[in-house]
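# Tertiary structure, described
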Amino acid sequence: MDRGSQIHNMGQEGPRTGQQANCENVTRKRKIEDEAGVQSKKVCLENETCLEYLGGENSGIAVLSINRPSTRNALSWKLVEDLQAAVDEVGEEKTVRCLILTSQVQNVFCAGADLKERTQMSEERVLAYLKRLNKLVTTLEELSIPVIAAVEGAALGGGLEMILGCDMRVGTTSSTFGLPETRLGVIPGGGGTVRLGRLVGWGRARQIILTGGRVGGRQAEQWGLLNICVDDGAAYDKALEMAREVARGAPLAVRMAKIALRSAERLEKREALEMETVCYEKILPSWDRREGLRAWAERRKPLFRGK
């Protein structure tokens, strides 16, 4: 990671190949002047997530990692709360152009709900948990910037539902995906019955949900569940490469394109085309649009400002 990156750690230390958080055990913000003269902020809390704001060539990219190794990143009530708080913070950061969602725990993205905790929940508490999980996935889905999931290992149950709320997904040859809830006497409760079919088709969604089986990385890529399947250990690097490409675009244009794409998923064709025009109209008076044209005419890279 760049020495000039901003790190907001909300979790315990854990193994991470190529993206170690290296956070200190402090609970207050400080500014640290690094060798390049770039200032970095750190906030470390005793939770199970790590939010990082990258710098240098990765400027504009945020990385949200799950780090709960004792449970294979199972989604407890508190972990869902922490993830929600981190995603909300990213949504308020005007300089962030892309978010990567990943895991610090080797060989697993997220094993699903914390079943040990679930056994202690009342029926009312379970329903309240599902509402929180649905809110988290919807917040990821409706974030104004693109979200890329980098998946190493298993993404099951709520873990798969989380990445269904992302705009793009990168997995590996040994990644596995599934919604095994019917084998536990329940059904997916974090949007899986709604979002999976819209992504891979209803026939394949029925196969995954009704059998409770798992899909490997290569098959997930063929089905459209993954945008790309890479070798083991390379998911984060590929996601970072994709995030850099996103960050090179004009921020306002990328945001409007995401709105238009999301509208196309939900609206009838005529209404979606009208929404595309509305989004284009928002860009017309922007500084970035004029800068893009100037840069093209002058044969140089554009310097976008996000306005």
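## Comments concerning the overall build of the chain
Counting its secondary structure elements, the chain contains 11 helices and 13 strands. In the chain, buried positions account for 48% of the 307 residues. Across the chain, contacts joining residues at least 24 apart in sequence account for 68% of those joining residues at least 6 apart. If you sum the accessible surface of the chain, you get close to 15700 Å²; carbon and sulfur atoms cover 51% of it.

## Description of the confidence of the model for the chain
Predicted coordinates in areas of low pLDDT are best not read in detail. When pLDDT is averaged along the chain, the result is 86; 85% of the residues meet or exceed 70. Overall, residues 1–45 carries pLDDT values under 50, and its contacts beyond four positions in sequence, including any with other chains, amount to 114 contacts.

## Notes on helix α1 (residues 77–92)
In this model α1 runs 23 Å from its N-terminal to its C-terminal C-alpha over 16 residues, within 8% of the 22 Å that 1.5 Å per residue would give. Restricting attention to buried positions, one finds in α1 the residues Trp 77, Leu 79, Val 80, Asp 82, Leu 83, Gln 84, Ala 86, Val 87 and Val 90.

## Some words on the nonpolar core
Leu 75, Val 90, Leu 99, Met 162, Phe 177 and Leu 196 are the most contacted members of the largest nonpolar core, which totals 49 residues. By residue number, the principal contributor to this core is α1, which donates seven residues. Ignoring sequence-local partners within four residues, the contact set of Met 162 consists of Ile 66, Leu 75, Leu 83, Phe 109, Cys 110, Leu 136, Val 137 and Leu 140. In this structure, Cys 98, Ile 148, Val 170 and Ala 243 belong to the second largest nonpolar core, which totals 16 residues.

## Describing unusual backbone geometry
Backbone geometry at Arg 72 places phi at a positive 55°, although glycine is not the residue there. The residue Arg 72 is located in the loop between β5 (61–66) and α1 in this model. The backbone of Arg 299 shows a phi angle near 55°, a positive value even though the residue is not glycine. Examined against the element boundaries, Arg 299 turns out to sit in the segment after α11 (287–298).

## Describing a nonpolar patch on the surface
Residues Leu 115, Leu 184 and Val 186 make up a contiguous nonpolar surface patch of about 270 Å² in total accessible area. Within the secondary structure, Leu 115 is located in helix α2 (residues 115–118).

## Considerations on the side chain of Thr 139
Along the chain, Thr 139 falls in helix α3 (residues 123–142). According to the relative accessible area criterion, Thr 139 is buried, its value standing at 18%. Contact partners of Thr 139, with chain neighbours within four places excluded, come to Gln 84, Val 87 and Asp 88.

The rules behind each value
Residues numbered from 1 in each chain as written. Predicted model: local features only at pLDDT ≥ 70, side-chain atom pairs only at ≥ 80, totals over all residues. Heavy atoms only, no water. Helix = DSSP H or I, 4+ residues; strand = E, 2+ residues; numbered from the N terminus. Buried < 20%, exposed > 50% of the residue type's maximum accessible area, 1.4 Å probe, protein only. Contact = heavy atoms within 4.5 Å. Areas by Shrake-Rupley, 256 points an atom, 1.4 Å probe, with all protein chains shown as cover. pLDDT = per-residue confidence, 0-100. Expected span 1.5 Å × (residues − 1). Core = buried A, V, L, I, M, F, W, Y, C linked by side-chain atoms within 4.5 Å. Patch = residues over 30% accessible without salt bridge, like charges linked within 9 Å, V, L, I, M, F, W, Y side chains within 5 Å. Salt bridge = Lys/Arg side-chain N within 4 Å of Asp/Glu carboxyl O.

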